Amino acid sequence: PSPTSHPSPSPTPELPVVDIKANCSDGPILIAYDTAAAISWTSVHASSCTVSPEGWTGTSGSRSTGNLKGSIMYAVYCMGEGGPAADSVQVNVEIQKPAVNIEANPIIIDEGESSILTWSSQRALTCTASGAWSGLKSVSGSETVFPRTESSYAITCQNAGGTASDTITVSVRSRPKPTVVIVANPETINRGGSSILTWSSTNADSCSAGGGWSGDKTFSG
């Protein structure tokens with residue numbers, strides 16, 4: 001009898017081999033806040049690949065992450081005749097501490113006057129007031145204050161990288177008490193006669209008469 005012939009078995013498809021890098025490193029890498037990294041990937045035996053979370057496609061490629069403000073993992077998922085394959089790389093972002101600045105206008109006031117506090121911050125998530133004021137504040141803003149004595153206003157802002165504080169002190173000048181002098185010329189008169197009253201004042205906001213006369217008066221007259 002003649003020998004029986006058998007067909008040769010088909011070769012088993014090979015699994016894809018994929019590799020993804022960040023700044024030419026298999027990672028993880030650390031980059032400065034608000035800067036970009038270069039993501040590149042290659043594959044063998046793959047028919048299609050997708051890079052998440054961006055949705056980039058292609059069996060190989062290179063893309064910029066754009067400026068990053070938080071850490072993120074990039075993963076490549078590939079498919080071939082032999083099945084799926086994946087690889088990933090971590091890009092860590094160095095979170096910078098916030099910065100904050102507070103100013104007062106004017107910084108020196110007289111008693112009873114007000115000052116406007118103005119503050120601004122960078123990279124802050126929350127801000128809190130302390131000292132002569134208190135409570136949560138916006139990351140930037142302004143507020144009118146009425147200190148009675150010298151007062152310090154502090155603001156502390158924070159993010160995942162840490163905290164930053166700034167303080168401004170508003171000085172209050174004491175207002176001198178008013179003085180007033182009044183004289184009559186002459187001081188003694190006959191019945192039916194007249195006398196001239198003369199007065200002057202300093203540091204006064206208003207003057208009013210009482211006793212033998214009445215009403216608002218000028219500061220001097």
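First, a word on scope: everything that follows refers to the structure included in this document. (Residues numbered from 1 in each chain as written. Predicted model: local features only at pLDDT ≥ 70, side-chain atom pairs only at ≥ 80, totals over all residues. Heavy atoms only, no water.)

### So, the sheet that holds strand β11 (residues 115-122)
In space, the three strands of this open sheet follow the order β9-β11-β14, with antiparallel pairing throughout. On the outer flanks of this sheet lie β9 (99-105) and β14 (141-145), each paired with one strand and no other. With direction set aside, neighbouring strand axes in the sheet form an average angle of 20°. Both β11 and β14 contribute to a ladder of five bridges, which runs antiparallel. When the bridges of β14 are listed, serine 115 appears paired with valine 145. (Pairing = 2+ DSSP bridges. Helix = DSSP H or I, 4+ residues; strand = E, 2+ residues; numbered from the N terminus. Axes fitted to C-alpha atoms, helices over the stretch in contact; angles between N-to-C directions.)

### As for the state of the cysteines
Overall, the coordinates contain two disulfides when judged by the stated rule. One disulfide bridge connects cysteine 49 with cysteine 78, the sulfur atoms lying 2.0 Å from each other. When the S-S torsion is 110°, as for the bridge of cysteine 49 with cysteine 78, the disulfide is right-handed. Placement of cysteine 49 in strand β4 (residues 48-52) and of cysteine 78 in strand β7 (residues 72-80) is noted, with a sequence separation of 29 residues between them. For cysteine 49, a relative accessible area of 4% gives the class buried. Cysteine 127 shares a disulfide with cysteine 157; S-S distance 2.1 Å. Because the torsion about its S-S bond is 105°, the bridge between cysteine 127 and cysteine 157 counts as right-handed. Separated by 30 residues along the polypeptide, cysteine 127 in strand β12 (residues 126-131) and cysteine 157 in strand β15 (residues 151-159) bring together distant segments of the chain. With relative accessibility at 1%, the residue cysteine 127 sits in the buried group. Note on cysteine 157: relative accessible area 0%, which makes it buried. (Disulfide = S-S within 2.5 Å. Buried < 20%, exposed > 50% of the residue type's maximum accessible area, 1.4 Å probe, protein only.)

### Things to note about the packing of aromatic side chains
How two aromatic rings sit relative to each other is given by the distance of their centres and the angle of their planes. By the definition in use, this model includes five aromatic pairs. Summarising the aromatic geometry, the rings of tryptophan 119 and tryptophan 133 are spaced 5.3 Å apart at their centres and angled 80° between planes, so their arrangement reads as edge-to-face. Of this pair, tryptophan 119 sits in strand β11 while tryptophan 133 sits in the loop between β12 and β13 (135-137); the two residues are 14 residues apart in sequence, bridging distant segments of the chain. One exposure class covers both tryptophan 119 and tryptophan 133, and it is buried. Clustering of aromatic rings is evident, with ring pairs tying together Trp41, Trp56 and Tyr74. (Phe/Tyr/Trp six-rings, centres within 6.5 Å; stacked < 30°, edge-to-face > 60°.)

### Overview of the nonpolar core
Residues Ile20, Ile31, Ile39, Trp41, Tyr74, Val76 and Val91 are the most contacted members of the largest nonpolar core, which totals 21 residues. At the level of elements, β1 (17-22), β2 (29-32), β3 (38-44), β4, β7 and β8 (83-94) are the ones that each hand at least two residues to this core. Examining the composition of this core, we find that four residues originate from one element, β8, more than from any other. In this structure valine 91 touches Ala22, Ile29, Ile31, Ala37, Ile39, Leu68, Ser71, Ile72 and Tyr74, once residues within four positions along its chain are discounted. One finds Val100, Ala129, Ile155 and Cys157 within the second-largest nonpolar core, a separate group that totals 18 residues. (Core = buried A, V, L, I, M, F, W, Y, C linked by side-chain atoms within 4.5 Å. Contact = heavy atoms within 4.5 Å.)

### Some remarks on the sheet that holds β8
The mixed open sheet is built from five strands, whose spatial order is β2-β8-β7-β4-β5. The sheet is open, and its two edges are formed by β2 and β5 (56-57), each paired on a single side. As defined by bridge partners, β7 adjoins β8 across nine bridges and the pair is classed as antiparallel. Counted as the bridge partner of tyrosine 77 is alanine 86 from β8.

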